[in-house]
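Take a look at the letters that make up each chain.
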Amino acid sequence: NAGVMQNPRHLVRRRGQEARLRCSPMKGHSHVYWYRQLPEEGLKFMVYLQKENIIDESGMPKERFSAEFPKEGPSILRIQQVVRGDSAAYFCASSPWKGMNTEAFFGQGTRLTVV
Amino acid sequence: LAKTTQPISMDSYEGQEVNITCSHNNIATNDYITWYQQFPSQGPRFIIQGYKTKVTNEVASLFIPADRKSSTLSLPRVSLSDTAVYYCLVVFSGGYQKVTFGTGTKLQVIP
């Protein structure tokens, strides 16, 4: 059973471009959480999704950021018109049920660099 | 949401036992204490979770006093590979509640 897969591992974008980050949850997991981590800081919650539904997006910036978790395929975190301040590591976690419980697993993250 | 407080950093020599204490004064009845470990350039990894008294697994022990306002993660005989950031979280067991990681404790193991 493969772990949580995130791709790409590293992404470089110029200011103004779009960034698409993908997260394939573990098999059987229908709950996905996205977190952002700035250097030397903890992980900040962004959004929680179940299949086809956004449950909690209270941590997501109101503009330029969006997330989806379609019925088929990976969860996508999309950042439009990226700015230097978006440079960070983005992690997703998946779990088989609600909540950050013992069965929640994180991916290796995508490191976004905006130049 | 229960707030947690833990030391920013700790140093330890190889082979020593390391204890990292976390304060969570406003923990609620349905909350569990959960610890994660994060190595550089990797996602956090679950270490241990407990509700009260003592929990032990192959990696660590977790001590929780009766009032549950604090907890201590104990790592026996650390090695260089235990150098990582350790996060203490309070996780709601009754369903979904947003979880945000603090800055954690950066443990540096010295040869």
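A. Focus on the overall build of chain B. Along the backbone of chain B there are zero helices and nine strands. Counting from the amino terminus, helix and strand elements in chain B follow one another as β-β-β-β-β-β-β-β-β. For 111 residues, the compact-globule estimate of 2.2 N^0.38 gives 13 Å, and the C-alpha radius of gyration of chain B, at 13 Å, lies within 12% of that figure. The dimensions of chain B, computed from C-alpha atoms along their principal axes, are 40 × 30 × 25 Å. Considering chain B as a whole, with its 111 residues, one finds that 41% of them fall into the buried category. Each charge class in chain B was averaged separately, 9 positive and 7 negative side chains, and the resulting centres sit 9 Å apart.

B. Layout of the nonpolar core. The biggest cluster of nonpolar side chains holds 23 residues, and the ones touching the most others in it are A:Trp34, A:Met46, A:Leu77 and A:Tyr90. Counting 20 residues, the second-largest nonpolar core is a separate cluster that includes B:Val18, B:Trp35, B:Leu73 and B:Leu107.

C. Up close: the sheet that holds strand E2 (residues 18-23) of chain B. Residues and elements named next belong to chain B. Pairing is antiparallel in the open sheet, where four strands are placed in the order E2-E7-E6-E5. Sheet topology places E2 and strand E5 (53-56) at the edges, where each strand pairs with a single neighbour. Neighbour to neighbour, the strand axes of the sheet diverge by 15° on average, direction disregarded.

D. Layout of the pattern of salt bridges. For the coordinates displayed, the defined rule picks out four salt bridges over all chains. Here A:Arg78 ties to A:Glu18 by a salt bridge, and the two come within 2.8 Å at their closest N and O atoms. Here A:Arg78 is found in strand E8 (residues 75-79), whereas its partner A:Glu18 is found in the loop between strand E2 (10-13) and strand E3 (19-24), with 60 residues between them in sequence. Here A:Glu18 falls in the partly exposed class, since its relative accessible area comes to 28%. In this structure, B:Lys106 engages A:Glu40 in a salt bridge whose closest nitrogen and oxygen atoms are separated by 3.7 Å. Separated into two different chains, B:Lys106 in strand E9 (residues 105-110) and A:Glu40 in the loop between strand E4 (31-37) and strand E5 (43-50) make up a pair that spans both. Judged by its relative accessible area of 69%, A:Glu40 is exposed. Where salt bridges share partners, they join A:Glu18, A:Arg20 and A:Arg78 into one cluster.

Criteria and cut-off values
As a convention, each chain's residues are numbered from 1 in the sequence order in which they are written. Here every chain gets a letter starting at A, and every ligand a number starting at 1, in the order they are written. Residues qualify for local features only when their pLDDT is at least 70, as the model is predicted, and side-chain atom pairs are given and counted only at 80 or more; totals for whole chains, interfaces and linings, by contrast, use all residues. Each side-chain value is derived from all of the structure's non-hydrogen atoms; neither hydrogens nor water enter the calculation. Only DSSP runs of H or I reaching four residues or more are called helices, and only runs of E reaching two or more are called strands; each is numbered from the N terminus. We compute the radius of gyration from the C-alpha atoms alone; for a globule the expected value is 2.2 Å times N to the 0.38, where N is the number of residues. The buried label applies to any residue whose accessible area, calculated with a 1.4 Å probe on protein chains only, is under 20% of its type's maximum; exposed applies above 50%, and partly exposed to all values in between. In this tally, Lys and Arg are treated as positive and Asp and Glu as negative; His is ignored, and so are the chain termini. One atom stands in for each charge, and that atom is NZ of Lys, CZ of Arg, CG of Asp or CD of Glu. The set of buried Ala, Val, Leu, Ile, Met, Phe, Trp, Tyr and Cys residues whose side-chain atoms join them within 4.5 Å is what this entry labels a nonpolar core. Pairing between strands requires that DSSP locate at least two bridges from one strand to the other. Angles run from 0 to 180 degrees between N-to-C directions of axes, and those axes are lines fitted to C-alpha atoms, restricted for helices to the stretch in contact. Take a side-chain nitrogen of Lys or Arg and a carboxyl oxygen of Asp or Glu: if they are within 4 Å of each other, that pair is a salt bridge.

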